[in-house]
Amino acid sequence: MSYTPTIADTSRAQLRYISEAATPGVTPTNPALQNLRFTEESLTQNIENVQSNEIREDRQISDLIPTGATVEGSVGIEFSYATFDELIAAALMGTYTTATTTEDVDYAASTKTLSVSGLNASVRKGSVISIADATPSSANGFYEVESATPTTVVLASRIDGGTMPAGDLTDVTVITGREVRNGTTRRSFTMQKEFGDIGKMINFRGCEISTLELSAEVGSILTGSIAVMGRSSDTGAITGQTVLPATNSPVLNAVNNVGGIKIGGNLYTGGIQSVNFSIDNALRIQQQIGSYDAAGIGADRSNISGQMAIYFNDDTLYQTFINNQFTSFAFTLTDALGNTMAISFPRMKFSSAEVVVGGIGQEVVLNCGFQAITSGDGFDTMIVTMFDAD
């Protein structure tokens, strides 16, 4: 005989979401909710209460009065390809371009120029493209763009650990991935938490991405968190809802899934212990009288920053900090299936740099904080490009 549990278990919980598209806080009709891979979560509606200050002869409190409500929380994740694309775009407030493939392209090594027509018009300074079908095959890889016109692309450097082609190339294939940059396009989601063993659901509507964090450390898989703020909460299944299965792409690690790391346009070979970064939109709940539901959600500037722990064997990066110089940072993530994600911060400064002798028997590490910034000459704060495996 079987029985139905009466106490919910975390191993039977599931998160899912859907873009609200038209109106924040309004779930689409007959929604197809996407199951989301996660490790932990803290989504909740907080009710703000005030104790009554009435004075009573018997010393007791006469009431607890609700005065406001907020919807917020975070989701812990293990990072994998294509699993969080929509949420990354929402965090950046950007929109993905469409991937394109252009064949029979020639490359001039002397000017680092690809002669190409019909290339995706969104390709510009800081974009990452892929070269395939090259002879020699060592030229196949991922490259950062210095500049682009409708008929030419000038390459800045290679960001996958390889070297720039020494000679001219003919009849190569140029692939532009799905690229998203920081922007101003707001998106909201309905998120649902289901406790499958007891058949209960909690919905959070009008959710926006407040922060997104990603961390890569020695001996670890890539982990992160996504913090949200929302407008309202309710319980029960959504009328007409269906469920889409979660992705099954491999979880990425910080060892053989991380490609060449470039700092200042050059491949960094000195050894890095850890890298982490965050996208912070500094969201704020706009409460209102007459309703628990938020009137809206305010957003501040896009603040993209991070930290690196680098083995100290050269003072170049420390001098970059001391001299307040611009630099850049880029790396690739490639999973076991061949899917590649390129992440680049084309223009940044080190906000801190610390070299400390912590004690005996330890490596000396340069701990650097960095701040991604923009300028008037074509730099965006952050660019993410997705290249699906063949």
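Above this text you will find the structure in question.
Residues numbered from 1 in each chain as written. Predicted model: local features only at pLDDT ≥ 70, side-chain atom pairs only at ≥ 80, totals over all residues. Heavy atoms only, no water.

**Student:** Explain the overall build of the protein chain here, please?
**Tutor:** Of regular secondary structure, the protein chain possesses two helices and 27 strands. Across its three principal directions, the C-alpha atoms of the protein chain cover 90 × 55 × 50 Å. Of all 390 residues assigned to the protein chain, the portion counted as buried reaches 44%. Within the protein chain, contacts between residues at least 6 apart in sequence are counted, and of these 70% link residues at least 24 apart. Between the centroid of the 22 positive side chains of the protein chain and the centroid of its 41 negative side chains there is a distance of 5 Å. (Helix = DSSP H or I, 4+ residues; strand = E, 2+ residues; numbered from the N terminus. Buried < 20%, exposed > 50% of the residue type's maximum accessible area, 1.4 Å probe, protein only. Contact = heavy atoms within 4.5 Å. Lys, Arg positive; Asp, Glu negative; His and termini not counted. Charge placed at Lys NZ, Arg CZ, Asp CG, Glu CD.)

**Student:** So what exactly am I meant to see when it comes to the sheet that holds strand β8 (residues 128-132) here?
**Tutor:** Adjacent strands of a sheet form backbone hydrogen bonds with each other and so pair up, either parallel or antiparallel. In space, the six strands of this closed barrel follow the order β6-β7-β10-β9-β8-β11, with antiparallel pairing throughout. Within the sheet, the average angular offset between the axes of one strand and its neighbour, ignoring direction, is 45°. Relative to strand β10 (residues 152-158), strand β9 (residues 141-148) is paired through five bridges, and the arrangement is antiparallel. Across the sheet, residue S147 finds its bridge partner in β10, namely V154. (Pairing = 2+ DSSP bridges. Axes fitted to C-alpha atoms, helices over the stretch in contact; angles between N-to-C directions.)

**Student:** Got a minute to help me understand a negative patch on the surface in this structure?
**Tutor:** A cluster of acidic residues, E103, D104, D106, D133, D168, D171 and D390, forms a negative patch at the surface. Ranked by residues supplied to the negative patch, first place goes to strand β6 (residues 100-108) with three residues. In this structure D133 comes out as exposed when scored by relative accessible area, which is 54%. (Patch = residues over 30% accessible without salt bridge, like charges linked within 9 Å, V, L, I, M, F, W, Y side chains within 5 Å. Areas by Shrake-Rupley, 256 points an atom, 1.4 Å probe, with all protein chains shown as cover. Salt bridge = Lys/Arg side-chain N within 4 Å of Asp/Glu carboxyl O.)

**Student:** Would you mind going over the packing of aromatic side chains with me for this structure?
**Tutor:** The description of two aromatic rings rests on the distance between their centres and on the angle between their planes. Applying the stated rule across the entire model yields nine aromatic pairs. Taken together, F277, F329, F331, F345 and F370 form an aromatic cluster joined through their ring pairs. The ring centre of Y96 lies 5.7 Å from the NZ or CZ of R178, which sits over that ring. (Phe/Tyr/Trp six-rings, centres within 6.5 Å; stacked < 30°, edge-to-face > 60°. Lys NZ or Arg CZ within 6 Å of the ring centre and 35° of its normal.)

**Student:** Is there a simple way to explain the side chain of N339 in this structure?
**Tutor:** By the element assignment, N339 lies in the loop between β24 (327-334) and β25 (340-356). Leave out the neighbours within four places in its chain, and N339 touches Y81, L333, T334, F387, D388 and A389.

**Student:** How should I be thinking about the side chain of K193 in this particular structure?
**Tutor:** With respect to the helices and strands, the residue K193 is situated in strand β13 (residues 189-195). Look at K193 and you get buried, because its relative accessible area is 8%. One polar contact links K193 to E41, side chain to side chain, over a distance of 3.2 Å. When residues no more than four places from it in sequence are discounted, the contact partners of K193 are Q14, L15, E41, L43, K200, M201, I202 and F204. (Polar contact = N/O pair within 3.5 Å; in protein donor to acceptor, adjacent residues only side chain to side chain.)

**Student:** How should the pairing of β13 be read in this particular structure?
**Tutor:** When a strand is regular, its side chains alternate between the sheet's two faces. The element β13 is largely enclosed, with a buried count of six among its seven residues. Here strand β1 (residues 13-19) runs beside β13; their pairing, made up of seven bridges, is antiparallel. In the sheet register, L15 faces β13, and the bridge partner there is K193. Looking at chain direction, β13 and strand β14 (residues 200-217) are connected through six bridges and run antiparallel. In the sheet register, F195 faces β14, and the bridge partner there is K200. Here β13 folds back onto β14, and the loop between the two strands holds four residues, one of which, G199, carries a positive phi near 70°.

So yeah, pure geometry; function would need other evidence.
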